[in-house]
Amino acid sequence: MSVLFDRIGVLYTGEREREEIADAALVVDGETVAWVGRSADAPAADQRFDVDGRGVIPGFVDSHAHLMFAGDRTAEFAARMSGQVYSAGGIKTTVAATRQATDPALAANAAVLLAEMAAQGTTTVEIKSGYGLTVEDERRALEIAGRFTTETTFLGAHVVPPGIGSDDYVRLVTGPMLTACAPHARWVDVFCERGAFDGDQSREILTAGIKAGLTARIHANQLTEGPGVRIACELGAASADHCTHLSDRDVSMLADSGVVATLLPGAEFSTRSPYPDARRLIDAGVSVALATDCNPGSSFTSSMPFCVALAVREMGMTPIEAIRAATAGGARALRRSDVGVLKEGARADLVILNAPSYVHLAYRPGVPLVTQVWRAGRRIV
Ligand code: NIG
Ligand code: FE
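Every value quoted in this text rests on a predicted model; they were computed, and no experiment measured them.

**As for the coordination of the iron ion (ligand 2)**
Looking at the iron ion (ligand 2), the protein donor atoms are H64 (NE2), H66 (NE2), H219 (NE2) and D293 (OD), and they sit 2.1 to 2.3 Å from it. Within one chain, the residues donating to the iron ion (ligand 2) are spaced in sequence as H-x1-H-x152-H-x73-D. Linking H64 in the loop between strand 6 (60-62) and helix 1 (74-81) with D293 in the loop between strand 13 (288-290) and helix 11 (304-314), this pair joins segments that are 229 residues apart in sequence. Under the relative-accessibility criterion, H64 is labelled buried at 0%.

Here it is as structure tokens:
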């Protein structure tokens, strides 16, 4: 069955050519987009839906989220807002709560967050493990994550858990843990940071993951100007995430290698830290994505519209650059060409805004503008 979405105000397509179309229309046939163009040229379809001048965008692609956890860190957040500094060590609080949680409790927590995401226009989500940090706790996190998304990421190397030395832990992560987790994961990730894993350990972990058939992504240069971005570029990772503290060499390596820089402004917001300089990256020719980093420690938001607004206000991005990074950019960070874009043959993931265009996501921050969400041709919100 085909549906014509007619009389769209501004349609943001995510395509390089004709990236936005005014007075637009779009036809969905089954699960995919069948036609995109001007309302005046729209073909007939089985059903017609009058969008009445509202804006339409592709469903957001949230390419970085840590949804497999239990508990929260309210007290840590409150302490930070009274002046305490964020450090990697807080992860251990969540690890203790996550190990205690049953499988149904972990699944239910993820489902609540995914429902929040959907209500805010997200139709593709990456989910990381990383709060279990034993062979079985990491394996089950990924098995549960796989019920919700194909974009599952093994982050056994989130932090060294208590009770084991870091060399022994790296051996565990690259050995039995990887063997147990690889069948449930598409990606391998490591938190390359002071207080987590150094450059040599990060390289070793990602290389082992790649050998096991996974593709690399990395938490890089979040708190300090470390070696993470360089390692991402050397290993051909899909994405280097955070990219808050970068040298000029890091920026030119990102531009030359095509590794996506995924910026996570929710983390800077929630840790009261300086934001990454998106303008510098874009001007140097780096591909940029935006994601929530949804996690209970450093960024407990599920909202891509919030990240878009922060990117525009705080990171030097224009509205079209921010919406591009949150849709097509996220898809690129996940090496997907079927989502984050509204073109013939793409998955029919679309968001109808209660506003004439995507610009309002930044212009009207904090306002719930997402009114309908369709995923693979089916209305989900
Ligand atoms: O992306 N940086 C590493 N991981 C998360 C934070 C995890 C936590 O504090 O629980 C992040 O910000
Ligand atoms: Fe993260």
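**Observations regarding the sheet that holds strand 6**
Taken in spatial order, the eight strands line up as 6-7-8-9-10-11-12-13 in an open sheet, and their pairing is parallel. Here the strands that pair on one side only, and so sit at the sheet edges, are strand 6 and strand 13. If you compare each strand with its neighbour and ignore which way they point, the axes differ by 25° on average. Inspection of the sheet shows strand 10 (residues 215-220) paired to strand 11 (residues 239-242) by four bridges, in the parallel sense. Pairing of I218 across the sheet is with A240, part of strand 11. Sheet strands in contact with helix 7 (residues 228-235) are strand 9 (187-192), strand 10 and strand 11, and its direction is about 165° off that of strand 10.

**Remarks on the environment of D41**
Inspection of the secondary structure puts D41 in the loop between strand 3 (32-38) and strand 4 (47-50). Between the alpha carbons of D41 and R324 there is a distance of 25 Å; along the sequence they are 283 residues apart.

**Describing helix 3 (residues 103-119)**
When the terminal C-alpha atoms of helix 3 are compared, their 24 Å separation across 17 residues agrees well with the 24 Å that a helix rising 1.5 Å per residue should span. Looking only at helix 3, the buried set comprises L106, A107, A110, L113, L114, M117 and A118. The arc that holds every buried residue of helix 3, seen down its axis, measures 145°, which confines them to one face. Buried residues along helix 3 sit in contact with strand 6, helix 2 (91-100), strand 7 (122-128), helix 4 (135-145) and strand 15 (370-375). One or two positions beyond helix 3, positive phi appears at G121, with a value near 100°.

**Focus on the nonpolar core**
L67, F154, L254 and L290 are the most contacted members of the largest nonpolar core, which totals 89 residues. If you count residues domain by domain, this core takes at least three from each of domain 1 (2-58 + 341-379) and domain 2 (60-333). Excluding residues that lie within four positions of it along the chain, L290 makes contacts with V61, L263, P265, M304, C307, V308, A311, M315, M317, A322, A325 and A326. In terms of nonpolar packing, the next biggest core, distinct from the first, is built from 17 residues, I21, A24, L26 and L342 among them.

**Focus: the pairing of strand 8 (residues 151-157)**
The element strand 8 is largely enclosed, with a buried count of seven among its seven residues. Bridge analysis of strand 7 against strand 8 gives three bridges, and the strand direction is parallel. Residue pairing across strands places E126 opposite E151, the latter belonging to strand 8. Pairing of strand 8 with strand 9 involves three bridges; the strand directions are parallel. If you follow T153 over to strand 9, its bridge partner there is W187. Taking the sense of rotation as the criterion, the β-α-β connection linking strand 8, helix 5 (residues 166-181) and strand 9 turns out right-handed.

**Focus on the packing of helix 6 (residues 199-211) against helix 7**
Put simply, helix 6 and helix 7 touch, their axes get as near as 10 Å, and they point 30° apart. Between helix 6 and helix 7, the angle is such that the two are roughly parallel. Both helix 6 and helix 7 take part in a crossing whose hand is right-handed. The segment helix 6 lies against helix 7, with G199, S202, R203, L206, T207 and I210 engaging I231, E234 and L235. Classifying every residue of the contact of helix 6 with helix 7 gives four nonpolar, three polar and two charged.

**Focus on the site of ligand 1**
Around ligand 1, 15 residues are found, and the nearest of them are Y86, Y131, H158, Q222 and S298. Within the side chain of H219, an N or O atom sits 3.1 Å from an oxygen atom of ligand 1. A total of 330 Å² of accessible area belongs to ligand 1 in isolation, and the protein chains cover 100% of it. Grouping the constituent residues of the shell around ligand 1 by class yields four nonpolar, nine polar and two charged.

**A few points about the domain arrangement of the protein chain**
In terms of domain boundaries, the protein chain breaks down into domain 1 (2-58 + 341-379) and domain 2 (60-333). Listed as interface residues are 19 residues of domain 1 and, on the opposing side, 17 residues of domain 2. Taking both sides of the interface into account, the surface hidden between domain 1 and domain 2 amounts to around 1,400 Å²; carbon and sulfur atoms contribute 69%. Counting every contact that joins domain 1 to domain 2 gives one salt bridge. Note that E19 is salt-bridged to R324, the shortest N-O span being 2.7 Å. At the surface where domain 1 touches domain 2, the tally comes to six residue pairs in polar contact (both at pLDDT 80 or more). Broken down by secondary-structure element, the contributors of at least two residues to the side of domain 1 that touches domain 2 are strand 5 (56-58), helix 13 (360-363) and strand 15. If you tally residues by element for the side of domain 1 that touches domain 2, the top one is strand 15, at four residues. Split into classes, the residues belonging to the side of domain 1 that touches domain 2 amount to twelve nonpolar, one polar and six charged.

Scoring rules and cut-offs
- Residues numbered from 1 in each chain as written.
- Chains lettered and ligands numbered in written order.
- Predicted model: local features only at pLDDT ≥ 70, side-chain atom pairs only at ≥ 80, totals over all residues.
- Heavy atoms only, no water.
- Donors = N, O, S within 2.8 Å, 3.2 Å for Na, K, Ca; no water.
- Helix = DSSP H or I, 4+ residues; strand = E, 2+ residues; numbered from the N terminus.
- Buried < 20%, exposed > 50% of the residue type's maximum accessible area, 1.4 Å probe, protein only.
- Pairing = 2+ DSSP bridges.
- Axes fitted to C-alpha atoms, helices over the stretch in contact; angles between N-to-C directions.
- Contact = heavy atoms within 4.5 Å.
- Expected span 1.5 Å × (residues − 1).
- Arc of directions from axis to C-beta.
- Core = buried A, V, L, I, M, F, W, Y, C linked by side-chain atoms within 4.5 Å.
- Domains from an automatic or database assignment.
- Right-handed = clockwise from strand over helix to strand, strands pointing away.
- Parallel < 35°, antiparallel > 145°, perpendicular 65-115°, else oblique.
- Left-handed = near helix turned anticlockwise from the far one by under 90°.
- Nonpolar A, V, L, I, M, F, W, Y, C, P; charged D, E, K, R; others polar.
- Near = heavy atom within 4 Å.
- Polar contact = N/O pair within 3.5 Å; in protein donor to acceptor, adjacent residues only side chain to side chain.
- Areas by Shrake-Rupley, 256 points an atom, 1.4 Å probe, with all protein chains shown as cover.
- Buried area = accessible area lost by both parts, 1.4 Å probe.
- Salt bridge = Lys/Arg side-chain N within 4 Å of Asp/Glu carboxyl O.

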